[in-house]
Amino acid sequence: MTTHTRQPSAPAPEDACFRHPALFYATEEEYAKGVGGFIRGEASRDQPVLVAVPDERLPVLRDVVGDAHRSVTWVDMRASGRNPGRILSMLQEFADRHADRSAAIVGEPIWVGRTAAEAREATRHEALINLAFAGRSATILCPYDISLPEDVLQEAHRTHPVVGDLDGYRHSPHYADPLTVCRDCDAPLPEPQAPVVLNFGQRNLGGIRDTVRDWGRSVGLSAERHTDWLLAVNEATGNSVRHGGGSGTLRLWRTPDTAVAEVTDRGRITDPLVGRRRPDPLSPGGGRGVWMMHQLCDLVEIRTPPSGLVVRLHVALG
């Protein structure tokens, strides 16, 4: 991509209220001009601005924004968005806190170094933004480094109604229905080697939790991550008993740097936005367990094959 010096024009509106453009950049200069210019422009209009980008990009943008940064909320996406499944909740909560105004958000959910599985779930997140924010007064600008894998860049054209660079924005001819993109993200999960396999139901759920606790310690989870691990697996197995036919199968294994638990049962998840918003504790609706799994884990992969439901939970070792 050629380096440009001209500021991009304003993103074309996708609908009367919500805008979700992708900005492709090749250099730090392009990033500073395109993303920094957007932030500075929104902040100068006294709009609430959330900037959630990888930590190394934050100083670049702060330098560009200057004094306008006082109205900007800065978030390290590497930490807060390590699990792509919890990003949407963060964006919605920011917009909810400023419901009387039009929120402006920069969200960079995919960066060089994301694993293929993380990038796939981040693509799912990008598609779900279009469902969760439909009709809301907000703009979510998503920067994409053009050195990302080609398939990731192609998916960005499918998840953003408007795409652009420093030459300007245009409607994406490849934009696809969000549910279609989500179905395309449901690639079969790879099979693990020699997992521990445990069948469970209501009667032996306590014993299963003891086994999970001991196994987590044996593979090297730190004290803090071990607690997260136990809570997440407890939620998954408890959901199977309550909503997945009363029983399920738990598989445990480790990779060189991750502890993985997979729960399968006869349940179904039909709403793709389940677990993507902090649940109301007074609401009788579901979603609390899935939301907690997303908050506690570094990656959550959910699949709904004909046989039922598969929930795979990843937590980093150490």
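Conventions we followed
The numbering scheme is per chain: residues are counted from 1 as the chain's sequence reads. Given that this is a predicted model, residues contribute local features only at a pLDDT of at least 70 and side-chain atom pairs are listed and counted only at 80 or more, while totals for whole chains, interfaces and linings are drawn from all residues. The side-chain figures draw on all heavy atoms in the structure; neither hydrogens nor water molecules are used. Strands here mean DSSP runs of E at least two residues long; helices mean DSSP runs of H or I at least four residues long; both are numbered from the N terminus. The contact criterion used is simple: two residues touch if any of their non-hydrogen atoms lie within 4.5 Å. Here the term buried applies to any residue with accessible area under 20% of the maximum for its type, exposed to any over 50%, and partly exposed to those in between, with areas from a 1.4 Å probe on protein chains only. Paired strands are those between which DSSP finds at least two bridges. Convention adopted: a line fitted to C-alpha atoms gives each axis, helices being fitted over their contacting stretch, and angles between N-to-C directions are expressed from 0 to 180 degrees. By the definition adopted for this analysis, an angle is roughly parallel if under 35 degrees, roughly antiparallel if over 145, roughly perpendicular if from 65 to 115, and oblique otherwise. Helix crossings get a hand from a simple test, with the near helix turned counterclockwise from the far one by less than a right angle marking a left-handed crossing and a clockwise turn marking a right-handed one. Residues were grouped as follows: Ala, Val, Leu, Ile, Met, Phe, Trp, Tyr, Cys and Pro as nonpolar; Asp, Glu, Lys and Arg as charged; and all remaining residues, including Gly, as polar. One speaks of a salt bridge when a side-chain nitrogen belonging to Lys or Arg is within 4 Å of a carboxyl oxygen belonging to Asp or Glu. Domain start and stop positions are those given by an automatic or database domain assignment. In protein, a polar contact requires one atom able to donate a hydrogen and another able to accept it; more generally it is a pair of N or O atoms within 3.5 Å, and residues adjacent in sequence count only if both atoms are side-chain atoms.

Looking at the environment of V260
Tracing the backbone shows V260 in strand β11 (residues 258-265). As a C-alpha pair, V260 and R57 span 203 residues in sequence and 30 Å in three-dimensional space. Setting aside residues no more than four positions away along its own chain, V260 makes contact with W215, W229, R251, L252, W253, T255, R312, L313 and H314.

A closer look at the environment of A187
Inspection of the secondary structure puts A187 in the loop between α7 (178-184) and β9 (196-201). Taking the relative accessible area as the measure of exposure, A187 reaches 23% and is therefore partly exposed. Apart from residues lying up to four places away in sequence, A187 is in contact with R120 and R303.

A short note on the pairing of strand β7 (residues 162-165)
With burial as the criterion, each face of β7 is covered, one bearing V162 and G164 and the other bearing V163 and D165. Inspection of the sheet shows strand β2 (residues 21-25) paired to β7 by three bridges, in the parallel sense. For L23, the partnering residue across the bridge sits in β7 and is G164. Here β7 runs beside strand β8 (residues 168-171); their pairing, made up of four bridges, is antiparallel. Among the inter-strand pairings, G164 is bridged to a residue of β8, identified as Y169. Counted between consecutive antiparallel strands, the loop separating β7 from β8 contains two residues.

Side note on the packing of helix α5 (residues 116-132) against helix α6 (residues 150-159)
Interaxial distance between α5 and α6 falls to 9 Å at its minimum, and their mutual angle equals 15°. For the element pair α5 / α6, the angle class is roughly parallel. Here α5 runs over α6; the crossing is right-handed. Judged by residue contacts, A119, T123, E126, A127 and N130 of α5 engage V152, E155 and T159 from α6. A breakdown of the residues in the contact of α5 with α6 according to their chemical character gives three nonpolar, three polar and two charged.

Overview of the pattern of salt bridges
Per the stated rule, a full pass over the model turns up 22 salt bridges. For D55, the salt bridge identified is with R78, shortest N-O distance 3.3 Å. Of this pair, D55 sits in the loop between β3 (49-53) and α2 (58-65) while R78 sits in helix α3 (residues 77-80); the two residues are 23 residues apart in sequence, bridging distant segments of the chain. For R251, the salt bridge is made with E262, and the minimal N-O distance between the two is 2.8 Å.

Comments concerning the sheet that holds strand β13 (residues 309-316)
Spatially, β9-β10-β11-β13-β12 is the arrangement adopted by the five strands of the open sheet, whose pairing is antiparallel. Every interior strand has two partners, whereas the edge strands, β9 and β12 (299-303), have only one. Put simply, the sheet's adjacent strands are angled 15° from each other on average, direction ignored. Relative to the sheet, helix α9 (residues 223-243) contacts β9, β10 (247-254), β11 and β13, its axis offset from that of β11 by approximately 10°.

Here's the deal with the domain arrangement of the chain
The parts lose accessible area when they come together, and the size of an interface is often stated as this lost area. Each assigned domain of the chain is listed here: domain 1 (18-185) and domain 2 (196-316). Distance from the C-alpha centre of domain 1 to the C-alpha centre of domain 2: 29 Å. Across the domain 1-domain 2 interface, the total number found is four salt bridges. The closest approach of N and O atoms between D96 and R277, which form a salt bridge, is 2.6 Å. For the pair domain 1 and domain 2, the number of links is 12 residue pairs in polar contact (both at pLDDT 80 or more). Broken down by secondary-structure element, the contributors of at least two residues to the side of domain 1 that touches domain 2 are α4 (87-97) and α5. With nine residues, the single largest contributor to the side of domain 1 that touches domain 2 is α5. Partitioned by chemical class, the residues of the side of domain 1 that touches domain 2 number eight nonpolar, five polar and nine charged.

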